[in-house]
Amino acid sequence: MFFKFLLLPIFALALCVTSCGDDDLEQNQPENPSVSDTKKLVSMEYEYTAGSFYQGWSKTEFEYDAMGNVVSYTKERGDDDHYRIDVVDVDWNEDGFSLTSDDNRYWQSKVVNGKIVSQENDSFKELFIYDSSGYLKAVKCILSDGSEERTEYRWSNGMLLSDGSTEYKYSGKTCAGYFPIFYSSFDFLFCAAPQLLGTVSNCLPDKLGIDGQWIELGSYEFYDDGYLKSFVESGFVKGEKAELKYKFKWQ
């Protein structure tokens, strides 16, 4: 949920930003891309290292079952004045999984051939549509009042070029495994399990832009085996430079 923090409100749900189309929900999803031969993300954290508009830190740790599915994750976050911890349980069943958390949040997700095709709670339902290569193509959001909205995703050679109003720029940097942050504005689960959404990519963006404002992504650091260790997200908020550093651990 923290990617794009410098341009979007904290914890904003960055989905459902364009008008909906008439695509039907596809029931037979291609299996690729996958993470079957990659290490698992066991923790990710961030801390604001510059700027006064956003402050604080967060750490999320993931637990897996013998099948490699995330079964729970613990989120800690705080600043000089506050501290909070939440545990989210991921309960798998024959149709998919449900998410329940300490703050009474609940989601039910349907999974077909390893990919989410629908997800819902009391407020709205989402339908996930994929392209022929298995990458996320669109998310259709059906709100409680019956209205529909839609976000489009564009990919090229394994690189996410845009999602809704956000654009991504690249210069050829890659990592072992995958870049964990795509689509993380929705839920931390997909940082550890991007294959559920078709957002598996080892391409590392240099910039992301929203409505003409650009955030720099850089200072990439790697473990000896090439997996991503950390990076810095930086931009300007009301003329003041702000920086956010991410750190990752894998096993």
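No experiment lies behind these values; they were computed from the predicted model shown.

Turning next to the overall build of the protein chain. When its secondary structure is counted, the protein chain shows one helix and 17 strands. Taking all 251 residues of the protein chain together, the buried fraction comes to 48%. Counted over contacts in the protein chain with a minimum sequence separation of 6, partners at least 24 positions apart contribute 49%. Within the structure as shown, the protein chain displays about 11900 Å² of accessible surface, and the carbon and sulfur contribution to it stands at 44%.

Let us now look at the environment of valine 232. Structurally, valine 232 can be placed in strand E16 (residues 228-237). Using a relative accessible area of 15% as the deciding quantity, one classes valine 232 as buried. Sequence separation of valine 232 and serine 219 is 13 residues, and the distance between their C-alpha atoms is 5.8 Å. Other than its neighbours up to four places away in sequence, valine 232 contacts Glu216, Leu217, Gly218, Ser219, Glu243, Leu244 and Lys245.

Moving on: the pairing of E16. The buried fraction of E16 amounts to eight of the ten residues, a majority that puts the element mostly inside the structure. Of the pairings in the sheet, the one linking strand E15 (residues 213-222) to E16 comprises five bridges and is antiparallel in character. Bridging from a neighbouring strand, glycine 218 pairs with valine 232 of E16. Between E15 and E16, which pair antiparallel one after the other, the connecting turn spans five residues, and glycine 226 there sits at a positive phi close to 95 degrees. Relative to strand E17 (residues 240-250), E16 runs antiparallel, the two being bridged by eight bridges. From the neighbouring strand, valine 232 faces E17, where its bridge partner is lysine 245.

Leu41, Phe62, Tyr73, Phe179, Leu189, Phe231 and Phe248 are the most contacted members of the largest nonpolar core, which has 56 residues in total. Among residues more than four places away in sequence, those in contact with phenylalanine 231 are Phe179, Ile181, Leu217, Gly218, Ser219, Tyr220, Leu244, Lys245, Tyr246 and Phe248.

The next subject is the pattern of salt bridges. Summed over the entire model, instances satisfying the criterion amount to seven salt bridges. In this structure, aspartate 86 engages arginine 77 in a salt bridge whose closest nitrogen and oxygen atoms are separated by 3.4 Å. Arginine 77 shares its class with aspartate 86; the two are buried. Shared partners join several salt bridges into a network, and the residues in it are Arg77, Arg84 and Asp86.

Another point: the layout of surface pockets. Once rolled over the atoms, a probe with the size of a water molecule shows which space is left empty. Roughly 410 Å³ of internal volume is contained in the largest pocket. The wall of the largest pocket is formed by 23 residues, among which Val35, Met67, Gly68, Asn69 and Gln195 lie closest to the centre. Counted by class, the lining of the largest pocket contains 13 nonpolar, seven polar and three charged residues.

A separate point is the confidence of the model for the protein chain. Across the protein chain, pLDDT averages 83, with 83% of residues at or above 70. Counting interchain partners and residues more than four positions distant, the pLDDT-below-50 stretch residues 5-27 has 67 contacts.

Right, let's get into the environment of asparagine 157. Relative to the assigned elements, asparagine 157 resides in the loop between strand E11 (148-156) and strand E12 (159-163). Taking the C-alpha atoms as reference, asparagine 157 lies 9.5 Å from serine 201; in sequence the two are 44 residues apart.

Reading guide: rules and limits
Residues numbered from 1 in each chain as written. Predicted model: local features only at pLDDT ≥ 70, side-chain atom pairs only at ≥ 80, totals over all residues. Heavy atoms only, no water. Helix = DSSP H or I, 4+ residues; strand = E, 2+ residues; numbered from the N terminus. Buried < 20%, exposed > 50% of the residue type's maximum accessible area, 1.4 Å probe, protein only. Contact = heavy atoms within 4.5 Å. Areas by Shrake-Rupley, 256 points an atom, 1.4 Å probe, with all protein chains shown as cover. Pairing = 2+ DSSP bridges. Core = buried A, V, L, I, M, F, W, Y, C linked by side-chain atoms within 4.5 Å. Salt bridge = Lys/Arg side-chain N within 4 Å of Asp/Glu carboxyl O. 1 Å grid on protein atoms, 1.4 Å probe; cavity = no way out; pocket = protein on both sides within 12 Å on 5 of 7 lines; lining within 4 Å. Points joined across faces, edges and corners; volume = space filled by probe spheres on them. Nonpolar A, V, L, I, M, F, W, Y, C, P; charged D, E, K, R; others polar. pLDDT = per-residue confidence, 0-100.

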